[in-house]
Amino acid sequence: MEINQLVRKNIAAMEAYSSARDEFKNFDKEMIFLDANENPFDNGINRYPDPQQKKLKHQLSVLKNIPESQILLGNGSDEVLDLLIRAFCEPNRDNVITLPPTYGMYGVLANLNAVENREVILLDSFQPDIDKILEVIDNNTKIIFICSPNNPTGNLIEEDKTITLLENFNGLIVLDEAYIDFSDAESWILKLENYKQLVVTQTLSKAYGMAGIRLGILYASEEIIDVLNKIKPPYNVNALTQLEAIKRLNKNQVAKDEIVSIKREKEILSKQLLEVKFIEKVYPSNANFILIKVDNATKRYNQLLANGFVIRNRSSQPLCQNCLRITVGNEEENKQLIKTLKTIQNG
Ligand SMILES: *Cc1c(COP(=O)(O)O)cnc(C)c1O
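Residues numbered from 1 in each chain as written. Predicted model: local features only at pLDDT ≥ 70, side-chain atom pairs only at ≥ 80, totals over all residues. Heavy atoms only, no water.

**Student:** Which parts of the structure should I look at to understand the domain arrangement of the protein chain?
**Tutor:** It is common to give the size of an interface as the accessible area lost on bringing the parts into contact. Structurally, the protein chain comprises domain 1 (3-250) and domain 2 (253-344). Placing a centre on the C-alpha atoms of domain 1 and another on those of domain 2 gives a separation of 29 Å. Each partner contributes to the interface: domain 1 provides 23 residues, whereas domain 2 provides 21 residues. In total, domain 1 and domain 2 occlude about 1800 Å² of area from one another, counting both sides; carbon and sulfur atoms represent 62% of this. (Domains from an automatic or database assignment. Contact = heavy atoms within 4.5 Å. Buried area = accessible area lost by both parts, 1.4 Å probe.)

What follows is the structure in structure tokens.
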């Protein structure tokens, strides 16, 4: 497949915007920067950030064993997903396919960009309905979004399902791996070499505990990265975000230990949820949240709220009638939650 034939014509014809800091960056001696109208008084952040986030990309490159040229960073995954739609989908003509129940932002971003969102509901097993997807694809279908582990269901999408799509679809397959670090599966970034049209997104918002800094990561073939670099805002990842991300990744073991603890807590919580009378089903989870089916989601949601717990009611999503999604907290929070659930179960 030729990536350049998938790109919107106006973007294929564009040159990347060149910012002041793009044009002058490789010097072997100390330079005096009088090019970007910055305030010269040093306070640590008076200079524009590196538009290509070299240091951070280098660190990720070593960590994930992937060339820097195959990494794009953004202001959260939401930004990199938006860039993908804007680069590849012609407004009012092209379409994308999403697989509800899933992350809502794919549909929001499609809408925002006047791109049709063709929804193909998952099977009861929460796996993609491959026959239906292949039926819905047409010449204007540019992207299929697959979330694995899926939010809000928590399951992994089976590998052979994704491979069937990769081998039978002439567009991009975006694998959203926001929760991959909590799962037993290997990341699809290991397979990027085999599939030019594969895009993998990850984030520091969940396992790495940095939702506040907004750092989304996109891994793909160099062709795709080059296209996205043309249209990304030059300074889309701010200096503080780059600094904090580098610090956190330097102490990678801290995040790893936290992930182990969250996974252990999830196992404990899953078992204890089964003991609550009004909980009819606890879905297995490869993420840091648990989807449960209850007798009456609105009632139980409101009871928890009244007791100081904010969870997510996912009832309005297909296949999720009376389903609530609970993020795994720390040991103390989870204990309190179970205690409260057992108190309200007779109410
Ligand atoms: C939380 C989440 C993200 C993270 O988005 P950021 O913008 O990076 O915070 C991405 N995808 C899914 C499925 C999520 O649940």
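**Student:** Got a minute to help me understand the pattern of salt bridges in this structure?
**Tutor:** Side chains carrying opposite charge are able to pair once their charged atoms draw close together. Here the structure, examined in full by the defined rule, presents 15 salt bridges. A salt bridge links Arg118 to Asp138, with the shortest nitrogen-to-oxygen separation between them at 2.9 Å. Note that Arg118 is positioned in strand E3 (residues 116-119) and Asp138 in the loop between helix H7 (130-136) and strand E4 (141-147), a separation of 20 residues in sequence. One connected set of salt bridges, linked through shared partners, spans Arg93, Asp94 and Lys142. (Salt bridge = Lys/Arg side-chain N within 4 Å of Asp/Glu carboxyl O. Helix = DSSP H or I, 4+ residues; strand = E, 2+ residues; numbered from the N terminus.)

**Student:** How should I be thinking about unusual backbone geometry in this particular structure?
**Tutor:** Leaving glycine aside, a negative phi is the common case for residues, and trans is the common case for peptide bonds. A cis amide bond links Ser148 to the next residue, Pro149, at an omega of -5 degrees. Counting through the fold element by element, Pro149 comes out in the loop between E4 and helix H8 (159-168). Even without being a glycine, Arg214 presents a positive backbone phi close to 60 degrees. The topology assignment puts Arg214 in the loop between strand E6 (198-203) and strand E7 (216-220).

**Student:** Would you explain the packing of aromatic side chains in this entry?
**Tutor:** What characterises a pair of aromatic rings is the spacing of the ring centres plus the angle enclosed by the ring planes. Going through the model one piece at a time under the given rule, you end up with five aromatic pairs. Ring geometry for Tyr48 and Tyr235: centres 4.5 Å apart, planes at 25 degrees, overall stacked. Here Tyr48, found in the loop between helix H3 (20-23) and helix H4 (54-64), pairs with Tyr235, found in the loop between helix H9 (222-231) and helix H10 (239-250); they are 187 residues apart in sequence, far enough to count as distant. On the accessibility criterion, Tyr48 (41% relative accessible area) is partly exposed. Relative to Tyr106, the ring of Tyr103 has its centre 5.4 Å away and its plane inclined at 75 degrees; by these criteria the two rings are edge-to-face. Among the aromatic residues, those joined into a ring-pair cluster are Tyr103, Tyr106 and Phe145. (Phe/Tyr/Trp six-rings, centres within 6.5 Å; stacked < 30°, edge-to-face > 60°. Buried < 20%, exposed > 50% of the residue type's maximum accessible area, 1.4 Å probe, protein only.)

**Student:** In this structure, what is going on with the nonpolar core? I would like to understand it.
**Tutor:** Considering soluble globular proteins, one finds that nonpolar side chains tend to be buried as a cluster. In terms of nonpolar packing, the biggest core is built from 49 residues, with Leu215 and Tyr219 touching the most fellow members. Examining the composition of this core, we find that three residues originate from one element, H10, more than from any other. Each of domain 1 (3-250) and domain 2 (253-344) gives at least three residues to this core. Excluding its chain neighbours within four sequence positions, the residues that come into contact with Tyr219 are Leu60, Lys64, Ile66, Gln70, Ile71, Ile189, Leu192, Leu198, Val199, Val200 and Gln202. (Core = buried A, V, L, I, M, F, W, Y, C linked by side-chain atoms within 4.5 Å.)

**Student:** Just checking my understanding: could you explain H8 for this structure?
**Tutor:** Given 3.6 residues to a turn, an α-helix orients residues that are three or four positions apart in the same direction. Of the positions making up H8, those classed as buried are Lys161, Thr162, Leu165 and Leu166. Across the axial projection of H8, the buried residues extend over an arc of 135 degrees, all falling on one side. At its buried positions, H8 is contacted by H7, E4, strand E5 (172-176) and E6. (Arc of directions from axis to C-beta.)

**Student:** I tried to follow the environment of Ala110 on my own but got confused; where do I start?
**Tutor:** Its place among the elements puts Ala110 in helix H6 (residues 105-112). Overall, the relative accessible area of 0% leaves Ala110 in the buried class. Note: C-alpha distance between Ala110 and Leu204 (94 residues apart in sequence) is 23 Å. Those residues within four positions of Ala110 in sequence are excluded, and the remaining contacts are Ile85, Val96, Val115 and Asn117.

**Student:** I tried to follow the sheet that holds E4 on my own but got confused; where do I start?
**Tutor:** Hydrogen bonds between backbone atoms are what pair the strands of a sheet, whose relative direction is either parallel or antiparallel. Spatially, E1-E7-E6-E5-E4-E2-E3 is the arrangement adopted by the seven strands of the open sheet, whose pairing is mixed. Pairing within the sheet leaves two strands with one partner each, and these edge strands are strand E1 (71-74) and E3. With strand direction ignored, the average angle separating the axes of adjacent strands in the sheet is 25 degrees. Here E5 pairs with E6 via four bridges, running parallel. Following the sheet pairing, Ile173 is matched in E6 by Leu198. Of the strands in this sheet, E1, E4, E5, E6 and E7 are in contact with helix H5 (residues 76-88), which crosses E1 at around 115 degrees. (Pairing = 2+ DSSP bridges. Axes fitted to C-alpha atoms, helices over the stretch in contact; angles between N-to-C directions.)

**Student:** Quick question: what am I supposed to make of the packing of helix H11 (residues 252-273) against helix H13 (residues 331-344) here?
**Tutor:** Describing two packed helices takes the angle between their axes plus the distance from one axis to the other. Where H11 contacts H13, the axes come no closer than 11 Å and their chain directions differ by 5 degrees. Taken as axis vectors, H11 and H13 run roughly parallel relative to one another. On H13, the residues that touch Glu265, Leu269, Gln272 and Leu273 of H11 are Glu331, Asn334, Leu337, Ile338 and Leu341. Partitioning the contact of H11 with H13 into residue classes produces five nonpolar, two polar and two charged. (Parallel < 35°, antiparallel > 145°, perpendicular 65-115°, else oblique. Nonpolar A, V, L, I, M, F, W, Y, C, P; charged D, E, K, R; others polar.)

**Student:** Sorry, what's going on with empty space enclosed by the protein here?
**Tutor:** The gaps left among the atoms become clear once a water-sized probe is rolled over them. Per the counting criterion, the structure on display carries two cavities of 30 Å³ or more. Size it by volume and the largest cavity reaches roughly 80 Å³. Secondary structure elements with two or more residues in the lining of the largest cavity: H4, E6 and E7. For the lining of the largest cavity, a count of residues per class yields eight nonpolar, two polar and three charged. Its boundaries defined by the atoms lining it, the second largest cavity holds a volume of some 40 Å³. Lining the second largest cavity we find Leu99, Thr102, Leu122, Phe145, Ile146, Cys147, Asn150 and Ile157. A class-by-class count of the residues in the lining of the second largest cavity yields six nonpolar, two polar and no charged. (1 Å grid on protein atoms, 1.4 Å probe; cavity = no way out; pocket = protein on both sides within 12 Å on 5 of 7 lines; lining within 4 Å. Points joined across faces, edges and corners; volume = space filled by probe spheres on them.)

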